[in-house]
Amino acid sequence: MTNLLPEMAEIWQQTLNWQPTVQQQEQFQRLYELILEGNRQLNLTRITDPQEFWEKHLWDSLRGIVPLLSANLSSAPPALIDIGTGAGFPGVPVTIAVPNCTITLVDSTRKKITFLDNILTELALTNAKTLVDRAEEIGQHPRHRLAYDIALIRAVGPASVCAEYTLPLLKQRGLAIIYRGNWTEDETTTLQNAVKLLGGKIELIEQFTTPLSHSIRHCVYLRKIATTPIQFPRPIGVPTQKPL
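Residues numbered from 1 in each chain as written. Predicted model: local features only at pLDDT ≥ 70, side-chain atom pairs only at ≥ 80, totals over all residues. Heavy atoms only, no water.

### Looking at the pattern of salt bridges
Phase 1 of the analysis: Overall, the coordinates contain 11 salt bridges when judged by the stated rule.
Phase 2 of the analysis: A salt bridge links Glu33 to Arg30, with the shortest nitrogen-to-oxygen separation between them at 3.1 Å. Taken together, the residues Glu33 and Arg30, both in helix α2 (residues 22-42) and three residues apart, mark about one turn of the helix.
Phase 3 of the analysis: Residue class for Glu33 comes out partly exposed when judged on its relative accessible area of 22%.
Phase 4 of the analysis: We note a salt bridge from Glu52 to Lys56, for which the minimum N-O separation is 2.9 Å. Taken together, the positions of Glu52 and Lys56, both in helix α3 (residues 50-63) and four residues apart, correspond to about one turn of that helix.
Phase 5 of the analysis: For Glu52, a relative accessible area of 31% translates into the label partly exposed.
Phase 6 of the analysis: Owing to a relative accessible area of 31%, Lys56 belongs among the partly exposed residues under this scheme. (Salt bridge = Lys/Arg side-chain N within 4 Å of Asp/Glu carboxyl O. Helix = DSSP H or I, 4+ residues; strand = E, 2+ residues; numbered from the N terminus. Buried < 20%, exposed > 50% of the residue type's maximum accessible area, 1.4 Å probe, protein only.)

Take a look at the structure:
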């Protein structure tokens, strides 16, 4: 018995002004099946119920990139990077939903990246590639520093750490999107100071409610407006031990 994901066409349309094509819906379904299979060895996610998976992994992943879903990207497809992608969220749903972007999925755990390589092959996603590495390392690497239009980061440490991981990777005017559950005024204050040091500014902190469980989520959007000083990101482990 295959677990079937709900289609949710109306909810997609009402909440994100977008809905998946038949092919995209099939890719979401296959992604779900592959994650359920992979879960047996890899402990990828606790979320296995079809409705919950739809909301917390698919819908939530795409909620952060709403402007991209309706943009006409044919002239200049953006280069994205997903830091600490884990089981592939938000990166893989974004790859499916925005087929003319290119996306690099980064995780420091080789097993997870091997698993994602298999997913990309199974889903015939040619616009994504994977990388086993740490954000602190690639942020100092000439091939990745200043290379991306958009950096996505979900469920990875405090917001100021996320800012230090993402802003060095962005081109000027690039956008970092930090996916969060709860958010407080204190976090805004701490983040503002960190972002200023890193050459960015907080463009928007968006609060929204998920469509099925009605839980509160946030997306924090950081715009890169100046050069990130060369000492950032700091060496491995330092950003998490001594957040800015």
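### Quick notes on the state of the cysteines
Phase 1 of the analysis: Taken as a whole and assessed by the stated rule, the structure comprises zero disulfides.
Phase 2 of the analysis: Of the cysteine sulfurs around Cys101, a residue in no disulfide, the closest is that of Cys219, at 16 Å.
Phase 3 of the analysis: Unpaired in terms of disulfides, Cys219 finds its nearest cysteine sulfur in Cys162, a separation of 12 Å.
Phase 4 of the analysis: Judged by its relative accessible area of 1%, Cys219 is buried. (Disulfide = S-S within 2.5 Å.)

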